[in-house]
Each structure stands twice: as structure tokens, then as C-alpha cells.
Amino acid sequence: MNPWDYIVQAMINILIALSHVLFNNPGLAIIAITIIINLAIMPLTLKQIKSAKAMQDIQPKMQELQKKYGKDKQKIASEQMRLYKEAGMSPAGCIVPLLVQTPVWIALYQAIIKLLAATPDDFLGLGRYLYSWQVNFTSLPFGNHFLWFNLAQPDSILILPILVGATMWVQQKMVTPPNANPQQQSQSQMMLWMMPLMFLFISFNFAAGLSLYWVVSSLMRIGIQYFVTGWGGLIPHKEAPGQAVVKKTT
Amino acid sequence: MKFIFKILIALSSVILLISLLAGCAAPAVHGWSGVAVSGNNLYIGSTNGSLVGLNATTRSKLFNDLPLEATATTSGFLGCASATTIIYTYGTPVVSMDLNLVFVAGYNGRVYAISADRGVQHWVYPPSGVVTKFVGGLTLYKNVLYIGGVDGKVYALDAATGTPVWAEPFATGNEIYATPVADGDTLYVGSYDKNMYALNISDGTEKWHFATGGAINCAPVIQNGVVYFGSFDRNFYAVNAADGSLAWKSKDSAGKWYWANPVVSNNIIYAANFDGKVYIYDAATGNPVITPVDLGAAIASTPVIAGGKLFVATEDGKSDSKIWTIDTTTYTPKLIKDLKDMNTSGYTNKLVYAPLDLGQDASGNNILYIHTHDNTLIALNTDTEVILWSQPANS
């Protein structure tokens, strides 16, 4: 097996062990491993959230820089780096955690798909991924049913895909600040809807087990985000950053 | 901010592309039908969803390859290649020379009876709709077909007409991948509910069941009133056929699950395990005859014995298999063929999941038939251990 297979193998065996502990329930096992993985990468998640918040907080100062230095891009860039340094963040602060999390998502996805074994050939192929733990051999075949859906098939009632999109939208909304700049506002709106819709669309076609992972992961992320930044953009604000409030005087 | 925005767009595009590519990937191969040998005729459930009949001597077709169902083509997702519905076969066909019929069960949930010489469909069960997915093979016994389904039920059908023989199928607690075995007035079948069942063959009612710690995938071997089988719990069992009581259980667990059927010869049990070892037991006592013979790679295909040798196929990586012999006197293993040496353009998956099957040529020589996962059919002389011929099953 190649190195990637060893990672997938570890996740498969952990899923089986968790299912055995959790009343032989495969859905609970997926929820549990999602919680475990999210807790394990929480330092990265917190860093990402704080980085994003710091980025939002310095936006007014960034706009001042644009006004002050106009087309002097070099000066703007150096002043931006100074602002980042003062705020204790780096431009890649939002991206690095995402780049670390993405392989984890992919590995967990592959582990779920292999374990749920849509065909007999897939089930037979699972044998090469099993550790010599007795629980692996007494627990298989891994059950596919959880609540109303088959974990190995797309959710035909579409509740899970909708939950995937909705939780992802709430997550995005919480981190999307109101913005006076029309161009940035437009970009924010695009990001707010693009990612949730894309994942909702993907969820229509992917196994429900993966959608379950996404929903739980999003809910955890919403919880962490709330404790760090509160409801953020989910609660309507009276004014956007940088927007002066003009009071009518009589 | 613009930099981050662009990165996020790029990442989203990659994720979307991966999702789309997953839908455009070439369909995987499925099915592991063995070769049914009837006189000089060979019948195989091909991996492209058809029943193939061959003359073993001339290798000419007995009839045009018969698709089990009219194939339906569905349009692809967002312009990807269209998909064709293929009826996979996991169980080996069975032949009734009395009725001149070949029987095959499809993963689509239907059992087909086809004339052995002309390839014409005689009956199909159920006549309309489907019952359940079939992975286990058919057993033909006294003109009745027995098969277990993914719904966990055991079905009995009249071989001549395809009508159910029992008032209702016998229900176990989980899927059935194993092929039932008939002996006397009893039908034995293992289930993924971890039980080996003995049923009254006349009406499908239960005589007894024996519980193990894991799912049962293999067909048992019955000899001298004892039922021999391996379980996913890594143990090998001998159970008294009369009452389902335990005769003996392997003292040491194997490394992985027992997937392939056991083989018995001269009161010696050969139990091939997914850990790559063949466990050899004294049939009467369960004592190991020798240290397990380690062939180094997983064994999923059921072995056969011919000419004092046990022929075994092991997985070699993700797309190849090796053929071994184990001398049944000295228990010495010998590698006789690495099937990847036979790869040709378009045929590069020589995994052997299907059971190995034996036949005889016109001179009485034992011929081993191997059906690989890329639908190649191989014939090997068991005495000389030389490959006689190989060809795509559908050529």
C-alpha cells in the first residue's frame, strides 16, 4: 500500500472500532470520528477564525491605505504587511488550515466510501485495509442504515443535502461582515452563496455518510465560531465598517 | 483579501472538478463468476453482464453471448460518458444435463434458466420485477435450485419451471453471500448474521442453527456427518450435521476472515484464509496437520484439488494474482504462474476472486479453469502445470 492508503486504512479501522463501541451504529461512528477529527484540528481552526476576524478588523485601516497611497502599489503592500504584523496575522492564516483540513476530508471520505462498500467487490476489497483487531472481524459487514437514509447512497429525500447547504451558509454568514465597498460586498455575497450551493449540489450525488460528516463538521465549526466571534454577520448590523451614520437634524 | 478570494475560488473549483471527475471515471468491473463445466462445455457469467458458453476443446461459442437483460444506456452526468446498465454475476452458473438448462443468478435480483445448447431463455424468476440482489451462487439438487439473497432469505425454485417450491423463503437475519449446500434431506447455508443454518430441504423450515462470532461467507463442506466452514471471526468450525452441536473449533484464530470455501480430501481440511495462509486440519479432531502454509497474499478464490495438489490463487497487489500448488503429501508450496505475465492491451486486471474450477479434456487430463477479474478465461493442465490457452471470455 502507498502512504495515502495507510491514512485511509487507519480511518477505516477507527470507524469500525467506534461503531462497535457506539451500539454497532455506523451513523454514530461517523459523527464521532467527525467530532474527534475536528477537535484534533481545532488549533488550526481557531487560528483560521482569529485570522479571519483580524483581517476584518483591519479592513478600515486597509481602506485608508488605499486612499492615502493611491496607485503606489509597493507602498501599499509594505504598509499592509506592517498592519498584518501589528495584528499578529499572516495573509495565509486563513488558507493554511484549509490546506491541512482538505486532505483529512478526502481521506475520511475515502474511508467512509470503502467501509460502506456499495458493491460486493468493494466489500471484498475492504479486507486488505483491516488491522488484525478482533472487533474488525466480528463487526463486519458494516451496517449502512442510519435514521432515514442509507449511508452508502445519496439521501433520496434530500434532507441531508439541504442541511449541508444550510449549515454551510450559516457558517459563511457568520464570517461575512457587512461591507460599505460595493465591490467587496458583491464578492462577499458571491462567497456566501457559492460554497453552500456547490456543496449542496455535490451532496445530491455523494453518499449520505459523507453528507453526514459535512453537516456535523459545519455544526462544530458554527459552535467554535460563535465562541470566538459571536454570531458575527448572522445578526444584522446597523452600520457597515467605514460607513458614516448620517443623522438627520431638525 | 483579493489574494484570499482568488485562492478560495481556485480551491472551490478543484473540489468541483474532483466531484465531476468522479462521475466521469470509468465504471469499475464487478462480478466473480466461476466456470461451470458440463462435459465438454464451459459456461461463465461474464463481467460484461452476459452468459458465455464455450466448447472447451475448440473454444468456439456454443451460442452468441447472451446478455442477461437488454442493456439500457443512460446519459452521462454533465457530458461525461454515458453509462450502460450491466447485470453482474457473482455466483457460478449451474448446469442441468437432464433439463439441458444453464441457470445463473444476477445481481439485479433475477434468476435465469437458459438452454444449454442454444442460449435461449427458458424462464426467469421472478417473471416480472426483481426479488433481491444475488451474490451467492446457485445450488442444484434433485431438480430444485437453492440460492440465498442479499435480503437474507433462502429461495428454492423448481428447476424446470422457475416456480417457488417452498411456501415462503427462509429468512435469516442479514445478507447471504454464501452458496447453499445440499446433503441428504438438509440444506446448509451461512449468513452474515453470523449463523450457519440447517434447513429441511422439503419445506425450508429450520432444523438448527449454529452461532459463530462473525459473518459466514463461505459454503460449507459436509463429510461423514460433519459440517466444516470458516467464519469472519477468524475461526474454523466443525459442527455435527445431526443436531448442530460443536464437534471442534480451531484452537488458534487465523489472521483475517475466511472468505473462500474450504476443501476436504482424504480427511484433511484445507481452509484458505484472507491472511494469505492455508490452514490444514485433521477433519476428525481439528488438530493442525502442519503449520499454516503461508503464500504471502490474500486468498479470496476457492481452491481445488487435482492430482495430489491443492491449487490456490492469491491476490498480488490490486490487479494481479499468482497461482500456487500445495502438495497434499508434503504440504510444500510452489508458485506455478504469476498472472500479470499474461497482461495484454485492455486486459490488465488479473485478480482472481472467482473460484477455481476443474474439468477434464478428451484425454482425461484434469484442466483447471481460471476466470480473472478482467474477464480472461485461462485453462491450465494440472499435471504439467502449463497454461494451455487463455482468451477473453467474450471473444
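Residues numbered from 1 in each chain as written. Chains lettered and ligands numbered in written order. Predicted model: local features only at pLDDT ≥ 70, side-chain atom pairs only at ≥ 80, totals over all residues.

*Asks:* What am I meant to see in the overall build of chain B here?
*Replies:* Looking only at helices and strands, one finds one helix and 34 strands in chain B. When each of the 395 residues of chain B is scored for burial, the buried share is 47%. For chain B, contacts bridging at least 24 residues in sequence account for 42% of all contacts bridging at least 6. (Helix = DSSP H or I, 4+ residues; strand = E, 2+ residues; numbered from the N terminus. Buried ≥ 20, exposed ≤ 12 C-beta atoms within 10 Å, placed from the backbone. Contact = placed C-beta atoms within 7 Å.)

*Asks:* Quick question: what am I supposed to make of the overall build of chain A here?
*Replies:* When you go through chain A residue by residue, the secondary structure sums to eleven helices and two strands. Along chain A, helices (α) and strands (β) appear in the sequence α-α-α-α-α-α-α-α-β-β-α-α-α when read from the amino end. Looking at chain A as a whole, 33% of its 250 residues qualify as buried. For chain A, the proportion of contacts with a sequence separation of at least 24, taken over those separated by at least 6, is 78%.

*Asks:* Explanation requested: the packing of helix 9 (residues 159-175) of chain A against helix 11 (residues 208-229) of chain A in the structure shown.
*Replies:* To describe two helices that pack against each other, one gives the angle between their axes and the distance between the axes. Residue and element names in this part refer to chain A. Relative to each other, helix 9 and helix 11 sit at 25 degrees, their axes nearing to 9 Å. Comparing their axes, helix 11 and helix 9 come out roughly parallel. Along this stretch, helix 9 crosses helix 11, giving a crossing that reads as left-handed. Residues Leu-160, Pro-161, Leu-163, Val-164, Thr-167, Met-168, Val-170, Gln-171, Met-174 and Val-175 of helix 9 lie in contact with helix 11, whose contacting residues are Ala-208, Ser-211, Leu-212, Trp-214, Val-215, Ser-218, Leu-219, Arg-221, Ile-222 and Gln-225. In terms of residue class, the contact of helix 9 with helix 11 is made up of 14 nonpolar, five polar and one charged. (Axes fitted to C-alpha atoms, helices over the stretch in contact; angles between N-to-C directions. Parallel < 35°, antiparallel > 145°, perpendicular 65-115°, else oblique. Left-handed = near helix turned anticlockwise from the far one by under 90°. Nonpolar A, V, L, I, M, F, W, Y, C, P; charged D, E, K, R; others polar.)

*Asks:* What is the right way to read the sheet that holds strand 16 (residues 186-190) of chain B from this model?
*Replies:* The strands that make up a sheet pair up through hydrogen bonds in the backbone, lying either parallel or antiparallel. Residues and elements named next belong to chain B. What the four strands build is an open sheet, ordered 15-16-17-18; its pairing is antiparallel. Only two strands of the sheet have a single partner each, and these edge strands are strand 15 (181-183) and strand 18 (206-211). The mean inter-strand angle of the sheet, taken between neighbouring strand axes irrespective of direction, is 20 degrees. Relative to strand 17 (residues 195-200), strand 16 is paired through five bridges, and the arrangement is antiparallel. Within strand 17, the residue paired with Leu-187 across the bridge is Leu-199. (Pairing = 2+ DSSP bridges.)

*Asks:* Help me out: how do you make sense of the sheet that holds strand 4 (residues 66-67) of chain B in this one?
*Replies:* Residue and element names in this part refer to chain B. Strand order in this open sheet of four strands is 1-2-3-4, and the pairing throughout is antiparallel. The two strands at the open ends of the sheet, each matched to only one other strand, are strand 1 (35-38) and strand 4. For strand 3 (residues 50-55) and strand 4, the ladder comprises two bridges, and the chain directions are antiparallel. Paired with Ser-50 across the bridge in strand 4 is Pro-67.

*Asks:* I would appreciate a short explanation of the domain arrangement of chain B in the present structure.
*Replies:* The accessible area lost on association of the parts is a frequent measure of interface size. Residue and element names in this part refer to chain B. Segmentation of chain B into domains returns domain 1 (31-69 + 83-165) and domain 2 (295-395). Computed over C-alpha atoms only, the centres of domain 1 and domain 2 are separated by 23 Å. Taken together, the 17 residues of domain 1 in the interface contact 15 residues of domain 2. Taken together, the elements giving at least two residues each to the side of domain 1 that touches domain 2 come down to strand 1, strand 2 (41-45) and strand 3. A per-class count over the side of domain 1 that touches domain 2 returns seven nonpolar, eight polar and two charged. (Domains from an automatic or database assignment.)

*Asks:* Where do I start with helix 11 of chain A in this structure?
*Replies:* For an α-helix the count is 3.6 residues per turn, leaving residues at separations of three or four pointing the same way. The end-to-end C-alpha separation of helix 11 of chain A is 31 Å, in line with the 32 Å expected for 22 residues at 1.5 Å each. At the C-terminal side of helix 11 of chain A, Gly230(A) shows a positive phi close to 75 degrees. (Expected span 1.5 Å × (residues − 1).)

*Asks:* Could you clarify how one ought to interpret the nonpolar core in this entry?
*Replies:* For soluble globular proteins, nonpolar side chains are generally found buried alongside one another. Val102(B), Phe103(B) and Val312(B) are the most contacted members of the largest nonpolar core, which totals 160 residues. Ranked by residue count, the leading element in this core is helix 11 of chain A, at seven residues. Here this core spans two domains, and each of domain 1 (31-69 + 83-165) and domain 2 (295-395) of chain B adds at least three residues to it. If near-sequence neighbours (up to four positions away) are discounted, Val312(B) is found in contact with Ala272(B), Val278(B), Leu295(B), Ile299(B), Pro303(B), Trp324(B) and Ile326(B). (Core = buried A, V, L, I, M, F, W, Y, C linked by C-beta atoms within 7 Å.)

*Asks:* It is not clear to me how the pairing of strand 13 (residues 153-158) of chain B should be interpreted in this structure. Could you clarify?
*Replies:* Across a regular strand the side chains alternate sides, sitting on one face of the sheet and then on the other. All names here are of chain B. By the bridge criterion, five bridges tie strand 12 (residues 144-148) to strand 13 in an arrangement that is antiparallel. Each residue of the ladder has a partner; that of Ile-147, found in strand 13, is Tyr-155. Between strand 12 and the antiparallel strand that follows it, strand 13, lie four residues; Gly-152 among them carries a positive phi value of about 85 degrees.

*Asks:* Before we go on, may I ask you to explain the pairing of strand 21 (residues 236-240) of chain B in this structure?
*Replies:* Residue and element names in this part refer to chain B. By the criterion of burial, strand 21 is predominantly enclosed, with four of the five residues buried. Note that strand 20 (residues 226-230) and strand 21 share five bridges and pair antiparallel. When the sheet's bridge partners are listed, Gly-230 is paired in strand 21 with Phe-236. Between strand 20 and strand 21, which pair antiparallel in sequence order, lie five residues; one of them, Arg-234, sits at a positive phi of approximately 80 degrees. Connecting strand 21 to the next strand, strand 22 (residues 246-249), in antiparallel fashion are five residues, including Gly-244 with a positive phi near 75 degrees.

*Asks:* Help me understand the environment of Thr329(B), please; the structure alone is not making it clear to me.
*Replies:* Residue and element names in this part refer to chain B. Turning to its location among the elements, Thr-329 is positioned in the loop between strand 29 (321-327) and strand 30 (333-338). Judged by C-beta crowding, with 9 C-beta atoms within 10 Å, Thr-329 ranks as exposed. Sequence separation between Thr-329 and Lys-309 is 20 residues; the distance between their C-alpha atoms is 8.4 Å.

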